[in-house]
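Overview (structure and organization)
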Amino acid sequence: MNRLLARHPLALLWAITALVLAAHAAGADGEPVKLRLTLRQTLTMARDLSPSALVAMHRYRTSYWQYVTFKADYRPSFRLSTNPIDWQRSVELQTLPIGIDAFVPHSQANSYFNLELSKVVAFTGGEISLSSELSRVQALQGEAFTGSPPTSYSATPVQVSYNQPLLAFNNYKWDLRIEPRRFTEARQGLVEELENVEANAMSYFFDLSTAQVTFQDALTERARSETLLTVARRRFAVHKAPENDVLQAELADLNADLRLTRARVDVEWKRQRLGTFLGLGDDPDFDLVQALDVPTPEVDLAFAVAQARRNRPTAMAWDRTLLESERSVAQAHASRGYTTLHASYGLARTSEESRTRIAASRAPINRYRSRSRCQSWTGGGPRRASRWRSPNAR
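In this report, we go over the structure that sits alongside the text. What you see is a predicted model; the values in this text were computed from it and never measured.

**Examining the overall build of the chain**
Per the secondary structure count, the chain includes 11 helices and 7 strands. Within the span of the chain, comprising 394 residues, buried residues form 26% of the whole. Counting only contacts in the chain whose residues sit at least 6 apart along the sequence, the fraction spanning at least 24 positions is 72%. Surface exposure of the chain reaches about 26600 Å², of which carbon and sulfur atoms provide 57%.

In structure tokens:
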């Protein structure tokens, strides 16, 4: 049964809940029930349910997710950036093809789409990326004055880029040496904290067990002292014992009562301490089973010292602190300047929707506009008019 509870913490939790509920129900009926615990059950409960163990587990989870975030920085990253619609409207001073300046209204819609796959090169500290880009510009107003096409596209199907800092501090290389040690230190710290929790639970278990035995001895001594006091008073009443014997018996009875009170307070305090440490509160009472099958370990001193230097978090922190000091020195040496080398190669193409594709439907209107404008400008002869009509004529 003990092995089943040790292997299945949920079954242990249900068992404890059932016992506590039964204790409350029995207490309501006037018959208090004690929670019977063995040493192995106490250690299992302390490892799975105690607040100290839960704090250690949450601290380890924090270190674990920090390590997961660290490893994600070295994996390929996928970035998508887009701007579906960017509408701009303005009035700008421009030189028209006929040679004069005029305020021309502009209204255009821009769209942008970029897809990039990048990865950090930890050995050099650079970054290599593969990207694809598509841009679109549509003129909504003002193309009649400038002669620009209403819609144009720019596409970069494939572009390979590489950014390399020169004479700079390579943080990625140092993190690869430090962060795995920090995570191993956190993992071993969890093991050490759980072992300390079990050691404290064992200490509290035996403290309560000793206090309960002391309390039972105090009860026995109190009953014996009351019996002796009763006998002494009866003997004194029939003039078979002096008054000194009665006084000595009363003093012994008072001392026994004092020891009983101290033992009761000690049991109550250690019972509450064990219940609080196990996460059960200070309500349940315990009926501890004496541990008779505790093995006697045999540990070699040299082996213990070697394992402590290898696995203790304190020893691991020494090496990590040394590496962090070396990183600080390298960062100080590399802080004198910063230069970046950027290289990229890709394929790009542009496409335009020319006004000549819709010139047939708008040709009469364009000619009329061209002639009217030429007549209104001073110094505009046939040559100037023909130059104005040239963008719409073949």
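**Digging into the packing of helix α4 (residues 51–72) against helix α6 (residues 171–237)**
Between α4 and α6, the shortest axis-to-axis distance is 10 Å and the interhelical angle comes to 170°. Compared by their axis directions, α4 and α6 come out roughly antiparallel. Once α4 is placed against α6, the crossing between them reads as left-handed. Side by side, α4 and α6 meet where Ser52, Ala53, Ala56, Met57, Arg59, Tyr60, Ser63, Tyr64, Tyr67 and Phe70 of the first sit next to Asp175, Leu176, Glu179, Pro180, Phe183, Ala186, Arg187, Leu190, Glu193, Leu194 and Val197 of the second. Looking at the contact of α4 with α6, its residues break down into 14 nonpolar, 2 polar and 5 charged.

**Description of the nonpolar core**
Ranked by internal contacts, the top residues of the largest apolar core, which has 33 residues, are Leu37, Leu274, Phe277, Leu278, Phe286 and Leu288. Sorting the residues of this core by element identifies β1 (35–37), α3 (39–49), α4, α6, α7 (243–277) and β6 (286–288) as the ones contributing at least two each. In terms of residue count, α6 provides more of this core than any other element does, 11 residues in total. Setting aside residues no more than four positions away along its own chain, Leu278 makes contact with Leu37, Thr42, Met45, Ala46, Leu49 and Ser50.

**Quick look at a nonpolar patch on the surface**
On the surface, Phe78, Leu80, Phe113, Leu117, Ile128, Leu130, Leu134, Tyr153, Val158 and Val160 cluster together to form a nonpolar patch covering roughly 900 Å² of accessible area. Of all elements in the fold, only β2 (77–95), β3 (101–121), β4 (126–141) and β5 (151–166) reach the threshold of two or more residues within the nonpolar patch.

**Describing unusual backbone geometry**
Although it is not a glycine, Leu167 adopts a positive phi angle of roughly 55°. With respect to the helices and strands, Leu167 occurs in the loop between β5 and α6. Residue His239 is not a glycine yet carries a positive backbone phi of 60°. Mapping His239 onto the fold places it in the loop between α6 and α7. With relative accessibility at 73%, the residue His239 sits in the exposed group.

**Let's talk about the packing of aromatic side chains**
Within this structure, the stated rule accounts for 9 aromatic pairs. Ring plane angle 90° and centroid distance 5.1 Å describe the contact between Tyr204 and Phe277, whose orientation is recorded as edge-to-face. One end of the pair, Tyr204, is in helix α6; the other, Phe277, is in helix α7, with 73 residues separating them in the sequence. Assessed through its relative accessible area of 19%, Tyr204 is described here as buried. Taken together, the ring pairs in this structure connect Tyr60, Tyr64, Trp65, Tyr67, Phe70, Tyr74, Tyr172 and Phe183 into an aromatic cluster. Between Arg273 and the ring centre of Trp269, over which it is positioned, the NZ or CZ distance is 4.6 Å.

**As for the environment of Pro284**
On the secondary structure map, Pro284 appears in the loop between α7 and β6. The exposure class of Pro284 is buried, given its relative accessible area of 12%. On a C-alpha basis, the gap between Pro284 and Lys34 in space is 7.0 Å, while along the polypeptide they are 250 residues apart.

**Let's talk about the pattern of salt bridges**
Side chains that differ in charge, positive against negative, can pair when their charged atoms come close. Taken as a whole, this structure holds 19 salt bridges when the rule is applied. One salt bridge connects Glu221 with Arg259, and the closest N-O pair in it is separated by 2.2 Å. With Glu221 in helix α6 and Arg259 in helix α7, this pair connects stretches of sequence that are 38 residues apart. In the salt-bridge network here, residues are joined through shared partners; they are Glu179, Arg182, Glu185, Arg320 and Glu324.

Here is what the cut-offs are and how they apply
- Residues numbered from 1 in each chain as written.
- Predicted model: local features only at pLDDT ≥ 70, side-chain atom pairs only at ≥ 80, totals over all residues.
- Heavy atoms only, no water.
- Helix = DSSP H or I, 4+ residues; strand = E, 2+ residues; numbered from the N terminus.
- Buried < 20%, exposed > 50% of the residue type's maximum accessible area, 1.4 Å probe, protein only.
- Contact = heavy atoms within 4.5 Å.
- Areas by Shrake-Rupley, 256 points an atom, 1.4 Å probe, with all protein chains shown as cover.
- Axes fitted to C-alpha atoms, helices over the stretch in contact; angles between N-to-C directions.
- Parallel < 35°, antiparallel > 145°, perpendicular 65-115°, else oblique.
- Left-handed = near helix turned anticlockwise from the far one by under 90°.
- Nonpolar A, V, L, I, M, F, W, Y, C, P; charged D, E, K, R; others polar.
- Core = buried A, V, L, I, M, F, W, Y, C linked by side-chain atoms within 4.5 Å.
- Patch = residues over 30% accessible without salt bridge, like charges linked within 9 Å, V, L, I, M, F, W, Y side chains within 5 Å.
- Salt bridge = Lys/Arg side-chain N within 4 Å of Asp/Glu carboxyl O.
- Phe/Tyr/Trp six-rings, centres within 6.5 Å; stacked < 30°, edge-to-face > 60°.
- Lys NZ or Arg CZ within 6 Å of the ring centre and 35° of its normal.

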